[in-house]
Amino acid sequence: MTLWIILGIVAVVIIWAVSAYNGIVKLKNWVSEAAAQIDVQLGRRNDLIPNLVETVKGYAKHEQETLSQVIAMRNQLTSMGSNASVQEKMDVSNQLSGTLKTIFALSESYPDLKANTNFIKLQEELTNTENKIAYSRQLYNSSVAQYNIKIQMIPNNIIANFGGFTKEQMLEIPTEAREVPKVQF
C-alpha cells in the first residue's frame, strides 16, 4: 500500500514537471514568434521604402540628404541579419521611423508631391505598417512578460533552471519618445 502511494506521488511530480516544462517551452516559442512578427513588419516596411524614395526624388531633388539617410538606415536594418537582437533592430527601426516622418513632412513643402497618388498610397501603406510594427512590439513585450513570469515563479523556476531557460528582455522605447512633447498655440 505504501509503495502505491509513493508511486502515485512520483507520478504526480513527473506529470507536473512535464507539464511545467511544456508550458515554459510554449511561452518561449510565443516570444520567438512575436519577434518573428516584428521582423515580418520591418521587412514589409523595408520593401515599401524604395518606392517611397523614388516617388519623392522626382519632386524634391534638393532633399537628397534626407533620402540618402532613409536608404542608409533601411540598408543597415536589412543587413543586420539574425545575429542582431530584437532590441538592436528596434533601435535602428526607431531611427528609420523618425527619418520617414521627415519625408512625410516634405509633402507640405511640395504641393505636387502631396497630391501624388503614389505618394499618398505609399504614405498610407507605411503608416499602416508602422501601426503593425507598434502592435507587434506590444505583442512581443506581452509574450516576454508572460514567459518571464512563468520562469520566475515557484515552483516553475526549478524546471526553468533545470531546462536552461533564461529571462528575456523587453523592448524599450527610445529616450526621445519619453520626452513630453511641447505644444504651442
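Residues numbered from 1 in each chain as written. Predicted model: local features only at pLDDT ≥ 70, side-chain atom pairs only at ≥ 80, totals over all residues. Heavy atoms only, no water.

Student: What should I look at first to understand the environment of Asn 94 in this one?
Tutor: Relative to the assigned elements, Asn 94 resides in helix α3 (residues 86-109). A sequence separation of 58 residues divides Asn 94 from Gln 152, and the C-alpha atoms of the two residues are 30 Å apart. Among the polar contacts listed, one links the side chain of Asn 94 to the side chain of Arg 137, at a separation of 2.6 Å. (Helix = DSSP H or I, 4+ residues; strand = E, 2+ residues; numbered from the N terminus. Polar contact = N/O pair within 3.5 Å; in protein donor to acceptor, adjacent residues only side chain to side chain.)

Student: Teacher, can you tell me more about the pattern of salt bridges here?
Tutor: Side-chain pairs of opposite charge can arise whenever the charged atoms involved come near each other. A full pass over the atoms with the stated rule returns four salt bridges. The salt bridge involving Glu 125 is made with Arg 44; its shortest N-O contact spans 2.6 Å. Here Glu 125, found in helix α5 (residues 117-152), pairs with Arg 44, found in helix α1 (residues 2-57); they are 81 residues apart in sequence, far enough to count as distant. The partner of Glu 130 in a salt bridge is Arg 45, with the nearest N and O atoms 2.6 Å apart. Within this pair, whereas Glu 130 is found in helix α5, its partner Arg 45 is found in helix α1, the two being separated by 85 residues in sequence. A relative accessible area of 0% places Arg 45 in the buried class. (Salt bridge = Lys/Arg side-chain N within 4 Å of Asp/Glu carboxyl O. Buried < 20%, exposed > 50% of the residue type's maximum accessible area, 1.4 Å probe, protein only.)

Student: Got a minute to help me understand the packing of α1 against α3 in this structure?
Tutor: Each packed pair of helices is defined by two parameters, the angle between the axes and the distance between the axes. Two elements in contact, α1 and α3, have axes whose closest approach is 11 Å; the angle formed by their N-to-C orientations is 30 degrees. In this view, α1 runs roughly parallel relative to α3, as classed from their interaxial angle. Viewed along their axes, α1 and α3 form a crossing whose handedness is left-handed. On α3, the residues that touch Ala 35, Ile 38, Asp 39, Leu 42, Arg 45, Asn 46, Ile 49, Leu 52 and Val 56 of α1 are Val 86, Lys 89, Met 90, Ser 93, Leu 96, Ser 97, Leu 100, Ile 103, Phe 104 and Leu 106. The residue inventory of the contact of α1 with α3, partitioned by class, reads 13 nonpolar, three polar and three charged. (Axes fitted to C-alpha atoms, helices over the stretch in contact; angles between N-to-C directions. Parallel < 35°, antiparallel > 145°, perpendicular 65-115°, else oblique. Left-handed = near helix turned anticlockwise from the far one by under 90°. Contact = heavy atoms within 4.5 Å. Nonpolar A, V, L, I, M, F, W, Y, C, P; charged D, E, K, R; others polar.)

Student: It is not clear to me how a nonpolar patch on the surface should be interpreted in this structure. Could you clarify?
Tutor: A cluster of nonpolar residues, Met 1, Ile 5, Ile 9, Val 13 and Trp 16, forms a patch on the protein surface that exposes about 550 Å² of accessible area. As for its position among the elements, Ile 5 is in helix α1. (Patch = residues over 30% accessible without salt bridge, like charges linked within 9 Å, V, L, I, M, F, W, Y side chains within 5 Å. Areas by Shrake-Rupley, 256 points an atom, 1.4 Å probe, with all protein chains shown as cover.)

Student: Mind showing me how you'd approach the side chain of Thr 129 here?
Tutor: With respect to the element layout, Thr 129 can be found in helix α5. On the accessibility criterion, Thr 129 (0% relative accessible area) is buried. In this structure Thr 129 touches Gln 41, Arg 44, Arg 45 and Leu 48, once residues within four positions along its chain are discounted.

Student: Even after reading the chapter, I still don't get α1, so can you show me in this structure?
Tutor: An α-helical turn contains 3.6 residues, so any two residues separated by three or four positions project in the same direction. Spanning 56 residues, α1 covers 83 Å between terminal C-alpha atoms, matching the ideal 82 Å at 1.5 Å per step. The sharpest bend along α1 measures roughly 25 degrees and falls at Leu 48, with the proline Pro 50 sitting one to four residues further on. (Expected span 1.5 Å × (residues − 1). Bend = angle between axes of the 7 residues up to and from the residue.)

Student: Would you explain the packing of α5 against helix α6 (residues 156-163) in this entry?
Tutor: The contact between α5 and α6 brings their axes to 6 Å, and the two run at 100 degrees. As judged from the angle between their axes, α5 and α6 are roughly perpendicular. When α5 is examined against α6, the residues Lys 150, Ile 151 and Gln 152 are found in contact with a partner set consisting of Asn 156, Asn 157 and Ala 160. Grouping the amino acids of the contact of α5 with α6 by side-chain chemistry returns two nonpolar, three polar and one charged.

What is shown is where atoms sit, not what they do.
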